[in-house]
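Structural description and commentary
The chain contents come next:
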Amino acid sequence: MKLIYIHQFFKFPDSRGGTRSYDLSKKFIENNYNVIILTSTSHKTDKRWNIYKRDGIEVHEIFVPYDNSLSKRQRIQSLIKF
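Quick summary incoming for the structure in this document.

On to the sheet that holds strand E4 (residues 57-63), then. In sheet architecture, strand pairing relies on hydrogen bonds along the backbone and comes in two forms, parallel and antiparallel. Overall, mixed pairing links the four strands, which are arranged E1-E2-E4-E3 in an open sheet. With one partner strand each, in any of the chains shown, strand E1 (2-6) and strand E3 (49-54) form the two edges of the open sheet. Sheet twist, expressed as the mean angle between neighbouring strand axes with direction ignored, is 20 degrees. Here E1 pairs with strand E2 (residues 34-41) via five bridges, running parallel. Across the sheet, the residue bridging to Leu3 is Val35, located in E2.

Here it is as structure tokens:
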């Protein structure tokens, strides 16, 4: 069974930030689910949308500029863009 997991700030254990979504995804994989993560990245790349597989998780990453220094309005706009 396929599971599409949407989380704007998905992180792997070697990244800074919470990894609850990663941990849940690994448990789903252990129970024979195919996990697809839809997330964002603030790191500019040559493509707006990147797809890669890591730790058995298929990650679909879209570029959405975000930084903790953004105003409340800019953060809301970032969420809407995502």
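With that out of the way, let us pick up the side chain of Ser25. By the element assignment, Ser25 lies in helix H1 (residues 20-30). Of the residues examined, Ser25 reaches a relative accessible area of 0% and is grouped as buried. Here Ser25 is in contact with Tyr5, Phe10, Val35, Ile37 and Ile57, once residues within four sequence places are set aside.

Here is what the cut-offs are and how they apply
Along each chain, residue indices are assigned from 1 in the same order as the chain's sequence is written. In keeping with the model being predicted, local features are shown solely for residues with a pLDDT of at least 70 and side-chain atom pairs are shown and tallied solely at 80 or more, while totals for entire chains, interfaces and linings include all residues. Excluding hydrogens and water, the side-chain values take into account all heavy atoms of the structure. Paired strands are those between which DSSP finds at least two bridges. Each helix corresponds to a stretch of at least 4 residues labelled H or I by DSSP, and each strand to a stretch of at least 2 residues labelled E; elements are numbered beginning at the N terminus. Interaxial angles span 0 to 180 degrees and are taken between N-to-C directions of axes, which are lines fitted to C-alpha atoms, for helices over the stretch in contact. Partly exposed describes any residue whose relative accessible area lies between the buried limit of under 20% and the exposed limit of over 50%, with all areas from a 1.4 Å probe on protein chains only and scaled to the type maximum. Throughout, a contact is declared for two residues whenever any of their heavy atoms are within 4.5 Å.

So far we have only geometry, and geometry alone does not tell us how the molecule works.
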